[in-house]
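Residue strings, one per chain:
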Amino acid sequence: MSTQKSFAKGSTAPGPVPEGTIRLYSMRFCPFAQRARLVLQAKGIKHDVVNINLKEKPDWFLEKNPLGLVPTLETPSGQVIYESPITCEYLDEVYPDNKLLPSDPFEKAQQKMMLECYSKVVPYFYKIPMGKRNGEDVSALEGELKEKLAKLNEHLKTKKSNYMAGDSITMIDYMMWPWFERMEGMQLKHFLDGTPELKKWTERMLEDPAVKETMHAPDTHIGFYTSYIAGKADYDYGL
Ligand code: GSH
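Residues numbered from 1 in each chain as written. Predicted model: local features only at pLDDT ≥ 70, side-chain atom pairs only at ≥ 80, totals over all residues.

Going by what an unreviewed UniProt entry lists, the protein is known as Glutathione S-transferase omega and is assigned to Gadus morhua. A UniProt comment under Function (unreviewed entry) is attached to the protein, and it reads "Exhibits glutathione-dependent thiol transferase activity. Has high dehydroascorbate reductase activity and may contribute to the recycling of ascorbic acid. Participates in the biotransformation of inorganic arsenic and reduces monomethylarsonic acid (MMA)." As recorded by UniProt, the Sequence similarities (unreviewed entry) comment attached to the protein reads in full: "Belongs to the GST superfamily. Omega family." (UniProt positions renumbered as here; feature names shortened; annotations may be inferred.)

As structure tokens, this is what we get:
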């Protein structure tokens, strides 16, 4: 778990990436960056983490990734890779131990199709709590989220598997996990009451060493989220 305080505008850039390691530019509460942190942990890749203050980004970070997004990877030779699914696939290819993506092209395509589908679920994890806070009627959104989670539940049930793509944890599980970790803090956990297989999957995920290593407790998520919606995101919350 990274305990390093975030670098903000005006900070001195960290030194070069040491040979034999890779660097992750991250933000401690970013679910997309957590995808890369999970893959780094699961594969036991030697790395360092540089946390970025995303409200006041250092110029040197924007020079590396003009989109200014985390996760961003940097290699010792200065190659820069960003977009969470791309960073994770890159790590899986470059570090061949503990492969997370299947080598079979069809199975790999299936994981990517699932991820594409899942990317349409992600916005609900934000829209529902935000809508509620603004006093909006979110019942339609809640119904849609229920439907989408029911499909994931059905997938696990039909497949009769412990994880999304079989009986061991693979890339797709790590790509989906970060938003499930946040459900309790976002007061969305009751959505799992109607999806028992999916609930069991979350319980299994909580036992995974990479998940344990990268996760925050619900209260810590709440603390950061509260600062974020107040417009004063505390990227170093809890340090
Ligand atoms: N599509 C990107 C990915 O999958 O990596 C999304 C990454 C993303 O949105 N990261 C957020 C970020 O860097 C933090 S959770 N925000 C900074 C900004 O929008 O300026």
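After that view of the structure, there is still more to cover.
S.K.: Before we move on, could you go through helix α8 (residues 196-205) and cite the residues and values that matter?
M.R.: Considered for burial, the residues of α8 that qualify are L198, W201 and M205. Projected down its long axis, α8 shows its buried positions confined to an angular sector of 50°, all on one face. For α8, exposure combined with an orientation more than 90 degrees from the buried face picks out P196 and E203. (Buried ≥ 20, exposed ≤ 12 C-beta atoms within 10 Å, placed from the backbone. Helix = DSSP H or I, 4+ residues; strand = E, 2+ residues; numbered from the N terminus. Arc of directions from axis to C-beta.)

S.K.: Kindly report on the domain arrangement of the protein, identifying the contributing residues and their values.
M.R.: Along its sequence, the protein is organised into domain 1 (1-99 + 232-239) and domain 2 (105-207). A C-alpha centroid distance of 25 Å is found between domain 1 and domain 2. Across the contact, 9 residues belong to domain 1 and 8 residues belong to domain 2. Residue assignment for the side of domain 1 that touches domain 2 shows that the elements contributing at least two residues are α1 (31-42) and α3 (84-94). At 6 residues, the largest contribution of residues to the side of domain 1 that touches domain 2 is made by α1. (Domains from an automatic or database assignment. Contact = placed C-beta atoms within 7 Å.)

S.K.: Describe helix α7 (residues 171-181), listing the residues and the values that go with them.
M.R.: For α7, the tally of buried residues reaches 10 of 11 residues, placing the bulk of the element in the interior. Here α7 has its buried residues at M171, I172, D173, Y174, M175, M176, W177, P178, F180 and E181.

S.K.: Describe in detail the sheet that holds strand β1 (residues 22-26), supporting the description with residues and values.
M.R.: In space, the 4 strands of this open sheet follow the order β2-β1-β3-β4, with mixed pairing throughout. The strands lining the two open edges of the sheet, one partner per strand, are β2 (47-51) and β4 (80-82). The sheet shows a mean angle of 25° between the axes of neighbouring strands, taken without regard to direction. The strands touched by α3 within the sheet are β3 (72-74) and β4, with β4 carrying the most contacts at an inclination of about 125°. (Pairing = 2+ DSSP bridges. Axes fitted to C-alpha atoms, helices over the stretch in contact; angles between N-to-C directions.)

S.K.: Lay out the site of the ligand in plain terms, naming residues and giving numbers.
M.R.: Around the ligand, the surrounding shell consists of M27, C30, F32, L54, G68, L69, V70, P71, E83 and S84. Here the shell around the ligand is composed, by residue class, of 7 nonpolar, 2 polar and 1 charged. (Near = placed C-beta within 6 Å. Nonpolar A, V, L, I, M, F, W, Y, C, P; charged D, E, K, R; others polar.)

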